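The primary structure of each chain is shown beneath.
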Amino acid sequence: MIEFIENILSSIPNTVWAAIIASCLTIGGVLLTNRGNDKRLLAQLSHDAEQRKNESLMALRKNVYLPAIEAVSNNYLMLSKMSNLDLTENEISNIFSISAASTSKINLIGTTETVKSVSTLSSILASTYLKLTAKRIKLIEKRDDIEILNNLINDSSKEKDRLLELMKEFNLQGSNDKRRWDVINDRYEYETKQTDKYISERDILSSENEIAIKAYAMECYKSLKAIGKPITEAIAAIRKEMDIPFDNEEYQKIMDESFTSGEVSLDEFFEEIKQQNG
């Protein structure tokens with residue numbers, strides 16, 4: 001049997017063997033090439049998947065971080081505006097509520113460094129807001145007291161005008177009713193004293209409140225400086241996650257220079273108002 005197989009194999013021409021060997025080499029080359037292609041394809045697929053993952057994460061970061069930074073900036077600006085007593089408490093608190101909702105999302109995707117820096121910043125902002133609000137309430141109460149006195153002055157002035165009309169009418173009628181005249185005149189004198197009293201109280205409160213508002217406005221502005229460094233640290237952490245270059249020291253320097261310039265402008269503003277009011 002073995003001799004039979006050997007005879008068959010020995011009868012095959014060399015050209016056929018050459019073709020068979022060439023075919024085997026070709027098949028082997030194809031297999032090796034395909035194997036290399038498979039490895040490269042797998043590597044490419046893995047790279048593409050990782051890239052899509054990174055792009056998805058970066059998009060998520062933008063959707064979370066950009067609104068959060070905008071909300072924090074709005075908080076920062078609102079602190080400087082709290083000396084405007086015409087702003088309602090709802091208008092102010094809504095800004096801080098929106099900020100809290102935006103920054104809380106950072107806890108889901110942020111690194112430990114980012115979460116820590118943003119949490120520290122949020123805590124300082126909230127503490128500053130509450131501190132300034134407590135003082136602001138007292139200023140609003142004093143402003144309301146001044147408004148009440150203004151209303152009393154107006155009411156008293158209207159009553160004096162009415163009494164003057166009665167006096168004119170009394171004189172035109174040529175009446176000799178002394179009792180009626182005394183009642184009208186006493187009432188007029190009383191209202192005059194009341195008006196003078198209300199004006200005096202209002203002027204004292206207005207003067208005190210003007211000084212208090214100026215001091216409060218400066219305190220609101222100066223509170224921004226204490227928040228400057230935490231803001232810089234939060235921005236630095238966020239930009240690091242988003243692969244955006246950031247120079248902490250240079251940014252902080254710009255912030256400090258801006259604050260100093262603003263403080264000087266605010267002092268000049270109050271001094272100009274003081275001179276205009278004599």
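So, how was this worked out
Residues numbered from 1 in each chain as written. Predicted model: local features only at pLDDT ≥ 70, side-chain atom pairs only at ≥ 80, totals over all residues. Heavy atoms only, no water. Helix = DSSP H or I, 4+ residues; strand = E, 2+ residues; numbered from the N terminus. Contact = heavy atoms within 4.5 Å. Areas by Shrake-Rupley, 256 points an atom, 1.4 Å probe, with all protein chains shown as cover. Buried < 20%, exposed > 50% of the residue type's maximum accessible area, 1.4 Å probe, protein only. Expected span 1.5 Å × (residues − 1). Bend = angle between axes of the 7 residues up to and from the residue. Polar contact = N/O pair within 3.5 Å; in protein donor to acceptor, adjacent residues only side chain to side chain. Core = buried A, V, L, I, M, F, W, Y, C linked by side-chain atoms within 4.5 Å. Axes fitted to C-alpha atoms, helices over the stretch in contact; angles between N-to-C directions. Parallel < 35°, antiparallel > 145°, perpendicular 65-115°, else oblique. Left-handed = near helix turned anticlockwise from the far one by under 90°. Nonpolar A, V, L, I, M, F, W, Y, C, P; charged D, E, K, R; others polar. Patch = residues over 30% accessible without salt bridge, like charges linked within 9 Å, V, L, I, M, F, W, Y side chains within 5 Å. Salt bridge = Lys/Arg side-chain N within 4 Å of Asp/Glu carboxyl O. Lys, Arg positive; Asp, Glu negative; His and termini not counted. Charge placed at Lys NZ, Arg CZ, Asp CG, Glu CD. Phe/Tyr/Trp six-rings, centres within 6.5 Å; stacked < 30°, edge-to-face > 60°. pLDDT = per-residue confidence, 0-100.

1. Focus: the overall build of the chain
When helices and strands are tallied, the chain shows seven helices and zero strands. Starting at the N terminus and ending at the C terminus, the chain contains elements arranged as α-α-α-α-α-α-α. Intrachain contacts of the chain at a sequence separation of at least 6 include 79% that bridge at least 24 residues. Of the roughly 18,800 Å² that the chain leaves accessible, carbon and sulfur atoms contribute 57%.

2. Quick look at the environment of arginine 202
Note on placement: arginine 202 falls in helix H6 (residues 178–241). Under the relative-accessibility criterion, arginine 202 is labelled partly exposed at 23%. Along the primary structure arginine 202 and asparagine 150 are separated by 52 residues, whereas in three dimensions their C-alpha atoms are 7.3 Å apart.

3. A short note on H6
Given a rise of 1.5 Å per residue, 64 residues ought to cover 94 Å, and the 91 Å separating the end C-alpha atoms of H6 matches this to within 8%. At isoleucine 227, H6 shows its strongest bend, of approximately 40°, with the proline proline 230 following within four residues. Backbone nitrogen of arginine 179 and a side-chain oxygen of the N-cap are separated by 3.3 Å at the start of H6; the cap is aspartate 177.

4. Quick look at the nonpolar core
One finds Tyr65, Leu79, Met82, Ile92, Leu121, Ile227 and Ile231 to be the most contacted residues of the largest nonpolar core, which totals 36 residues. Excluding its chain neighbours within four sequence positions, the residues that come into contact with isoleucine 227 are Tyr76, Leu79, Leu121, Ile124, Leu125 and Thr128.

5. A word on the packing of helix H5 (residues 112–173) against H6
Packing of H5 against H6 leaves a shortest axis separation of 7 Å and a crossing angle of 165°. Considered as vectors, H5 and H6 are oriented roughly antiparallel to each other. Viewed along their axes, H5 and H6 form a crossing whose handedness is left-handed. Taken together, the residues of the contact of H5 with H6 sort by class into 31 nonpolar, 15 polar and 19 charged.

6. What about a negative patch on the surface?
A cluster of like negative charges, contributed by Asp247, Glu249, Glu250, Asp256 and Glu257, occupies part of the molecular surface. When you line up the elements, glutamate 249 lands in helix H7 (residues 248–276). On the accessibility criterion, glutamate 249 (67% relative accessible area) is exposed.

7. Comments concerning the packing of aromatic side chains
If you walk through the whole model with that rule in mind, you get two aromatic pairs. Taking 4.3 Å as the distance between ring centres and 25° as the angle between the ring planes, the aromatic pair formed by phenylalanine 96 and tyrosine 129 counts as stacked. Placement of phenylalanine 96 in helix H3 (residues 89–104) and of tyrosine 129 in helix H5 is noted, with a sequence separation of 33 residues between them. Look at phenylalanine 170 and tryptophan 181: their rings are 5.3 Å apart centre to centre, the planes differ by 40°, and that puts the pair in the tilted class. Taken as a pair, phenylalanine 170 in helix H5 and tryptophan 181 in helix H6 lie far apart in primary sequence, 11 residues in all.

8. Brief notes about H5
With 62 residues, H5 extends 90 Å from end C-alpha to end C-alpha; this agrees with the ideal 92 Å at 1.5 Å per step. Positive backbone phi, at 65°, marks glycine 174, one or two positions downstream of H5.

9. Brief notes about the confidence of the model for the chain
When pLDDT is averaged along the chain, the result is 79, and 77% of the positions lie at 70 or above. Between the elements of the chain, mean pLDDT differs from a low of 53, seen in helix H1 (residues 2–11), to a high of 90, seen in H5.

10. Focus on the side chain of threonine 103
Here threonine 103 lies in helix H3. Accessibility expressed as a relative area gives 9% for threonine 103, which makes it buried. Leaving out residues up to four positions away in the same chain, threonine 103 has contacts with Ala68, Val72, Val118 and Ser122.

11. A closer look at the pattern of salt bridges
In a structure, side chains of opposite charge can pair up when their charged atoms sit close to one another. The full count for this structure, using the stated rule, is 12 salt bridges. A salt bridge links arginine 136 to glutamate 89, with the shortest nitrogen-to-oxygen separation between them at 3.9 Å. Here arginine 136 is found in helix H5, whereas its partner glutamate 89 is found in helix H3, with 47 residues between them in sequence. Exposure remark for arginine 136: the relative accessible area of 1% places this residue in the buried category. For glutamate 89, a relative accessible area of 31% gives the class partly exposed. In this structure, lysine 178 and aspartate 182 form a salt bridge, with 2.9 Å as the shortest nitrogen-oxygen distance. Within this pair, lysine 178 and its partner aspartate 182 are both found in helix H6, separated by four residues, close to a single helical turn. A relative accessible area of 27% means that aspartate 182 is categorised as partly exposed. Three or more residues are tied together by salt bridges with common partners; here these are Glu159, Arg162, Arg187 and Glu191.

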